[in-house]
Amino acid sequence: MITVIPGFFVMLSLILAIGAQNVFVLRQGIRREHVGLVIAICAASDAVLVAAGVAGLGRLVEAVPWLVDAARLAGAAFLLGYAALAARRAFVGGGELVPTDGGEEVGVPTGSVAVGARTTTRRTTVAATAVALTWLNPHVYLDTVFLLGSVATSHGDDRWWFALGAAAGSVTWFTCLGLGARHLSGVLRTARSWQVLDGAIAVVMVVIAVSLLRG
């Protein structure tokens, strides 16, 4: 059971880096929009991928490299599309805080500069985006399936405890990122600040997409 601890920290070391998935979770957390759903999808996906790696799927990924190449190309295309949408929001606005049912903007202090009202993004759209950003990322197969699977295998009969620790690390990270992000809402209280954030997101997505295309 002690292998739970290394599994926890190995997973954290793999997902702490800024990536498309983390940026998306951060943005949804700041917006306070379907945060629980996004956290659940990301954490559950990691748990499935870790289990697959421990079960031996990593060997398949290693034996059939075109699977990773296909995910790389599909992921790059998706990220470029997402970057285009973020860039559009950066130029024309529309990505600011979501108004509550009472008509007041979530996270906007009384007396602050008001932001434009907008409709809430559909749950299905948010869920689909979270799934795509997770499963179309080729690094998730190399890191979570192959690397974590290989490390877990080195623990012999305790490998499933290692997998449990890795899954717990994922849950902890995405929960902290998604729920902790709301504390930034005070900073992002104007439409202009959200345009800057979306511009930064667009740049990050393009950079990651280019790195995928370059292999």
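Report on the accompanying structure.

Criteria and cut-off values
- Residues numbered from 1 in each chain as written.
- Predicted model: local features only at pLDDT ≥ 70, side-chain atom pairs only at ≥ 80, totals over all residues.
- Heavy atoms only, no water.
- Helix = DSSP H or I, 4+ residues; strand = E, 2+ residues; numbered from the N terminus.
- Contact = heavy atoms within 4.5 Å.
- Areas by Shrake-Rupley, 256 points an atom, 1.4 Å probe, with all protein chains shown as cover.
- Salt bridge = Lys/Arg side-chain N within 4 Å of Asp/Glu carboxyl O.
- Buried < 20%, exposed > 50% of the residue type's maximum accessible area, 1.4 Å probe, protein only.
- Phe/Tyr/Trp six-rings, centres within 6.5 Å; stacked < 30°, edge-to-face > 60°.
- 1 Å grid on protein atoms, 1.4 Å probe; cavity = no way out; pocket = protein on both sides within 12 Å on 5 of 7 lines; lining within 4 Å.
- Points joined across faces, edges and corners; volume = space filled by probe spheres on them.
- Nonpolar A, V, L, I, M, F, W, Y, C, P; charged D, E, K, R; others polar.

Moving on to the overall build of the protein chain. For the protein chain, the helix and strand inventory stands at nine helices and zero strands. Along the protein chain, helices and strands appear, N-terminal first, in the series α-α-α-α-α-α-α-α-α. Taking all contacts inside the protein chain whose residues are at least 6 apart in sequence as the whole, residues at least 24 apart take part in 82%. Accessible surface, the protein chain: about 10,600 Å² in total, of which carbon and sulfur atoms supply 67%.

Next up on the list: the pattern of salt bridges. Opposite charge on two side chains lets them pair, provided their charged atoms get close. Summed over all chains, the structure comprises three salt bridges. Between D198 and R27 there is a salt bridge, and its shortest N-O distance comes to 2.8 Å. Here D198, found in helix 9 (residues 191-213), pairs with R27, found in helix 2 (residues 20-31); they are 171 residues apart in sequence, far enough to count as distant. Taking the relative accessible area as the measure of exposure, R27 reaches 4% and is therefore buried. D198 serves as the salt-bridge partner of R89, at 3.1 Å between the closest nitrogen and oxygen.

For the structure shown, the criterion picks out three aromatic pairs. Judged by centre distance (5.2 Å) and plane angle (80 degrees), the rings of F8 and F9 are edge-to-face. A relative accessible area of 51% places F9 in the exposed class. Chaining the aromatic ring pairs together yields one cluster made of F24, F78 and Y82.

The subject of this paragraph is the layout of surface pockets. There is about 440 Å³ of room inside the largest pocket. G19, A20, Q21, N137 and H139 are, among the 23 residues lining the largest pocket, the residues nearest its centre. Those elements giving two or more residues to the lining of the largest pocket turn out to be helix 1 (4-15), helix 2, helix 5 (66-92), helix 6 (123-135), helix 7 (138-153) and helix 9. In terms of residue count, the dominant contributor to the lining of the largest pocket is helix 7 (four residues). Counted by class, the lining of the largest pocket contains 13 nonpolar, eight polar and two charged residues.

With that settled, consider the environment of T144. In this fold, T144 is placed in helix 7. Sequence separation between T144 and V50 is 94 residues, and the spatial gap between their C-alpha atoms is 5.7 Å. Aside from chain neighbours lying at most four places away, what touches T144 is M11, D46, L49, V50, H139 and G149.

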